[in-house]
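An overview of the molecular structure
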Amino acid sequence: PCITVKPEWPMVELREVCEIGGRITTEIDGALPSFGADSIESNTGQLLKIETAAVQNVRGPVYEYEGERLLYSKIRPYLNKLTIVNMHGYCSSDMYPLLQDPDKVDIRYLATYMLSDAFNKSIKGYYERASIPKINQAQLFGTKVPLPPLDVQRLIVAEIEAEQALVNMNKELITRFEAKIKAAIDRVWAS
């Protein structure tokens, strides 16, 4: 069943369900992982790489956080880069490590909504005319999000994850068939 947004779900400001969940520091432990916008794939929430602060030559200032966080890139928000991590680490000061209130919002629901066109259209006016497009904390935390009950949030996430699993399986199938076609073409021209 497709779940649709219901008008009775309250629209709440982001600040009502999450906060910055880290502190700015210049004291860097090179063994800890560090993430920047280049670590995250646009529009998917997928983490592309995990590298230590030492490998990346991180100097700071960066946000240090510990635990589950939604890392959101504030620079060039139209690139739509965010991901969920659960560890002790750092993220660029060009990102926000968001800590959600688990009694109000499921972090996966929040990530899913923030990746949506609806969310991205709602913040577009903040960065359209800027020379370096970015969204500041006040703008981000003032942005409204729909807040269904937690059980409905989890159903929405489960439905989206099931659809994503189908997409991933189809991508794998396409890759296999492309390899078979290439092998067949190679056999034809190898003769």
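In this numbering scheme, every chain counts its residues from 1 along its sequence in written order. Local features in a predicted model are, by the rule used here, given only for residues with pLDDT of at least 70; side-chain atom pairs are given and counted only at 80 or more, and totals for whole chains, interfaces and linings are based on all residues. In computing side-chain properties, one takes all heavy atoms of the structure into account and sets aside hydrogens as well as water.

Examining the pairing of strand S6 (residues 62-73)
The line we're drawing: Each residue gets one of three labels from its accessible area relative to the maximum for its type: buried under 20%, exposed over 50%, partly exposed in between, using a 1.4 Å probe on protein chains only. Numbering of helices and strands runs from the N terminus, with a helix taken as a DSSP run of H or I at least four residues long and a strand as a DSSP run of E at least two residues long. In this scheme, strands are said to pair when DSSP sees at least two bridges between them.
Of all twelve residues in S6, ten are buried, a share of seventy percent or more. Pairing between strand S3 (residues 23-25) and S6: three bridges, direction antiparallel. Bridge pairing in S6 links Arg23 to Glu64. By the bridge criterion, eleven bridges tie S6 to strand S7 (residues 82-92) in an arrangement that is antiparallel. By the bridge assignment, Tyr65 is partnered in S7 with Gly89.

Some remarks on the nonpolar core
Put simply, the rule reads: Nonpolar cores are built from buried Ala, Val, Leu, Ile, Met, Phe, Trp, Tyr and Cys residues. Side-chain atoms within 4.5 Å join them into one set. Note on contacts: a residue pair qualifies if any of its non-hydrogen atoms lie within 4.5 Å across the two residues.
Ranked by size, the top nonpolar core spans 36 residues in total, and within it Leu14, Leu70, Tyr72, Leu98, Met114, Phe119 and Leu140 carry the most contacts. For this core, the secondary structure elements donating two or more residues are S6, S7, strand S8 (95-100), helix H2 (107-114), helix H3 (117-127), helix H4 (137-142) and helix H5 (150-190). If you tally residues by element for this core, the top one is H2, at six residues. With near-sequence residues (within four places) excluded, Leu14 lies in contact with Leu110, Met114, Leu140, Phe141, Thr143 and Val145. Grouped together as the second largest cluster of nonpolar side chains are five residues, Leu32, Ala53, Val58 and Tyr90 included.

Considering the environment of Gln153
The criterion, for reference: N or O atoms within 3.5 Å of each other form a polar contact, as long as, within protein, one can give a hydrogen and the other can take it, and as long as residues adjacent in sequence are counted only when both atoms are side-chain atoms.
Looking at the element boundaries, Gln153 is found in helix H5. Sequence separation between Gln153 and Glu41 is 112 residues; the distance between their C-alpha atoms is 24 Å. Not counting residues within four places of it along the chain, the set of residues in contact with Gln153 comprises Lys104, Val105, Asp106, Tyr109, Leu147 and Pro148. Reaching out from Gln153, the side chain makes a polar contact with the backbone oxygen of Pro148 at a distance of 2.8 Å.

Notes on the side chain of Thr83
Within the fold, Thr83 resides in strand S7. Overall, Thr83 belongs to the buried group, its relative accessible area being 4%. Here Gly45 takes part through its backbone oxygen, which lies 2.8 Å from a polar atom of the side chain of Thr83. In this view, Thr83 contacts Ile40, Gly45, Gln46, Leu47, Arg69, Leu70 and Leu71; residues no more than four positions away in its chain are not counted.

So far we have only geometry, and geometry alone does not tell us how the molecule works.
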